[in-house]
Amino acid sequence: MRATEFEFRYRSLIIVGIYFLALSTYGFDHENVVRYAIDRAVGQGAPNAVFLRRAIFGVGAFLTFLAASFRTWAAAYLQSNTVQDPAMHLDAIVADGPYRHVRNPLYLGAILLACGLALLTTWQGFLIITIGLTIFMLRLTGLEESKLEVTLGESYRAFCRSVPRLWPSLKPRLPSGGIAPRWSQAIFGELHMWGFFAGMAAFAITLRPRVAWWIVGTAMVIYIVRSYVLSARRKKTSLREPHKEA
């Protein structure tokens, strides 16, 4: 299950497209998946329905918190342009921080985020996000790991034997490599993830869709703008670099 080079290069656009496709299901189904499930489980107008809604959205907020935490932790051990770079980085293995517990903490964070934000959609949108994005993350993981194995050989195979792919181990599987985390760049780079968490948390407390969508929408705009700025910087740097003669 490997993604194509096209999928990897345009992964950010594909991810955004999956979310928008899920949200578009509100065009023909106006019932949120959580309300849909509660109404059928305990009945419409049940006395504990509001509590159940807050509890379920609270779980969604917790999932987005875990997603933001994993991704920020992972980004602290990467170069600032690596996470959003459309090119694949195959020059070395990062085996510090969360990478001592799980090989793909960024993709794990993306899956956790999908499971949390999917609660804001219809039941059709919930399936599109949770199934669609999980499959897409597995495809991206398969492509990256196959490329790393070819490039790095036995050292990467030994890393794979020690560290699980997506289900993190509680105990670190490798000794610390002594890399100093860069928390400021990580927090800035994953600011949109913390925006998603804030939106889910606000909705779990208030149950007001407008509050959640304003915060989540702002986080999405931050993500898109940041991706555009980084892309522009990469193109500018590329143009400044002298071309090597063949």
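About the thresholds
- Along each chain, residues carry numbers from 1 onward, in the same order as the chain's sequence is written.
- In keeping with the predicted nature of the model, local features appear solely for residues at pLDDT of at least 70, side-chain atom pairs appear and are counted solely at 80 or more, and the whole-chain, interface and lining totals rest on all residues.
- Where side-chain values are given, they derive from all heavy atoms of the structure, hydrogens and water being excluded.
- Note on conventions: DSSP H or I runs of at least 4 residues are helices, E runs of at least 2 residues are strands, and numbering of each starts at the N terminus.
- Categorising residues by exposure relies on relative accessible area from a 1.4 Å probe, with only protein chains included: less than 20% of the type maximum marks a residue as buried, more than 50% marks it as exposed, and the intermediate range marks it as partly exposed.
- Here a residue-residue contact requires only that any non-hydrogen atoms of the pair lie within 4.5 Å.
- Where accessible areas are quoted, they stem from the Shrake-Rupley method and a 1.4 Å probe; at the residue level, only the protein chains shown are allowed to cover.
- By this rule the span expected of a helix is its residue count minus one, scaled by 1.5 Å.
- Think of it as the arc spanned by the lines of direction from the helix axis to the C-beta atoms.
- Side-chain rings of Phe, Tyr and Trp (the six-membered ring for Trp) are treated as a pair once their centres are within 6.5 Å; stacked means planes under 30 degrees apart, edge-to-face means over 60, and tilted covers the remaining angles.
- Interaxial angle, 0 to 180 degrees, is taken between N-to-C directions of lines fitted to C-alpha atoms, where a helix line uses only the stretch in contact.
- Any angle that is under 35 degrees is reported as roughly parallel, and any over 145 degrees as roughly antiparallel; angles of 65 to 115 degrees are reported as roughly perpendicular and all others as oblique.
- Each crossing is labelled by how the near helix is turned from the far one, with a counterclockwise turn of less than a right angle marking it left-handed and a clockwise turn marking it right-handed.
- All residues other than Ala, Val, Leu, Ile, Met, Phe, Trp, Tyr, Cys, Pro, Asp, Glu, Lys and Arg, Gly among them, are scored as polar; the first ten of these are nonpolar and the last four charged.
- Exposure above 30% relative accessible area and the absence of a salt bridge qualify a residue for a patch, where like charges join within 9 Å and nonpolar side chains (Val, Leu, Ile, Met, Phe, Trp, Tyr) within 5 Å.
- Salt bridges, as used here, are contacts in which a Lys or Arg side-chain nitrogen is within 4 Å of a carboxyl oxygen on Asp or Glu.
- N or O atoms closer than or at 3.5 Å make up a polar contact, with two conditions inside protein: a donor-capable atom paired with an acceptor-capable one, and, for residues adjacent in sequence, both atoms drawn from side chains.

**A closer look at the overall build of the protein chain**
Here is step 1: Of regular secondary structure, the protein chain possesses ten helices and zero strands.
Here is step 2: Tracing the protein chain from N to C terminus, the helices and strands come up as α-α-α-α-α-α-α-α-α-α.
Here is step 3: Buried positions account for 45% of the 246 residues belonging to the protein chain.
Here is step 4: Long-range pairs, those at least 24 residues apart, make up 81% of the contacts in the protein chain with a sequence separation of at least 6.
Here is step 5: Surface summary for the protein chain: the accessible area is close to 13,700 Å², and the carbon and sulfur share equals 65%.

**What to know about helix H2 (residues 11-23)**
Here is step 1: Here H2 spans 19 Å end to end across 13 residues, near enough to the 18 Å set by a 1.5 Å rise per residue.
Here is step 2: Here H2 has its buried residues at Arg11, Ser12, Ile15, Val16, Ile18, Tyr19 and Ala22. Angularly, the buried residues of H2 cover 155° about the axis, an arc narrow enough to put them on a single face.

**Some details on the packing of aromatic side chains**
Here is step 1: Inspection of every chain in the model, using the stated rule, returns eight aromatic pairs.
Here is step 2: Seen from their ring centres, Phe65 and Trp194 are 5.9 Å apart, and the 70° between their planes marks the pair as edge-to-face. Of this pair, Phe65 sits in helix H4 (residues 49-75) while Trp194 is found in helix H9 (residues 191-206), placing the two residues 129 residues apart along the sequence.
Here is step 3: Residue class for Trp194 comes out partly exposed when judged on its relative accessible area of 27%.

**Concerning the packing of helix H5 (residues 105-117) against H9**
The angle between the axes and the distance between the axes are what describe a pair of packed helices.
Here is step 1: Relative to each other, H5 and H9 sit at 25°, their axes nearing to 11 Å. The angle between H5 and H9 falls in the class roughly parallel. Crossing angle aside, the handedness with which H5 passes H9 is left-handed. For the pair H5 and H9, the contacting residues are Gly109, Leu113, Gly116 and Leu117 in the first and Met193, Phe196 and Met200 in the second.
Here is step 2: In terms of residue class, the contact of H5 with H9 is made up of five nonpolar, two polar and no charged.

**A short note on the environment of Pro98**
Here is step 1: Note that Pro98 resides in the loop between H4 and H5.
Here is step 2: Expressed as a C-alpha distance, the spacing of Pro98 and Arg71, which sit 27 residues apart in the sequence, is 9.1 Å.
Here is step 3: Discounting residues that sit within four places of it in the chain, Pro98 has contacts with Trp73, Ala74, Tyr77 and Pro105.

**Focus: a nonpolar patch on the surface**
Here is step 1: Among the surface-exposed residues, Met1, Trp123, Leu127, Ile131 and Ile135 lie close enough to one another that they form a single nonpolar patch of about 480 Å² accessible area.
Here is step 2: Here Ile131 lies in helix H6 (residues 123-152).
Here is step 3: What makes Ile131 partly exposed here is its relative accessible area of 47%.

**A short note on the environment of Phe203**
Here is step 1: You can see Phe203 is positioned in helix H9.
Here is step 2: Here Phe203 falls in the buried class, since its relative accessible area comes to 6%.
Here is step 3: Sequence separation between Phe203 and Gly60 is 143 residues; the distance between their C-alpha atoms is 9.9 Å.
Here is step 4: When neighbours within four sequence positions are excluded, Phe203 is seen to be in contact with Phe57, Leu120, Arg208, Pro209 and Ala212.

**Some words on the side chain of Thr122**
Here is step 1: With respect to the secondary-structure elements, Thr122 resides in the loop between H5 and H6.
Here is step 2: A relative accessible area of 0% places Thr122 in the buried class.
Here is step 3: A polar atom in the side chain of Thr122 sits 2.6 Å from the side chain of Thr25.
Here is step 4: Sequence-distant contacts of Thr122, defined by excluding residues within four places in its chain, comprise Thr25, Tyr26, Asp29, Glu31, Asn32 and Val33.

**Observations concerning the pattern of salt bridges**
Here is step 1: This model, assessed by the stated rule, comprises nine salt bridges.
Here is step 2: Linking Glu31 and Arg40 is a salt bridge whose minimum nitrogen-to-oxygen distance equals 3.7 Å.
Here is step 3: Ionic pairing is found between Arg71 and Glu190, a salt bridge with its closest N-O pair at 2.9 Å. Residue Arg71 is found in helix H4, and its partner Glu190 is found in the loop between helix H8 (183-189) and H9; the two are separated by 119 residues along the sequence. Per residue, the accessibility class of Arg71 equals that of Glu190, and both read buried.
Here is step 4: Bridged by salt links that share partners, the residues Glu149, Glu154, Arg157 and Arg161 form one connected network.

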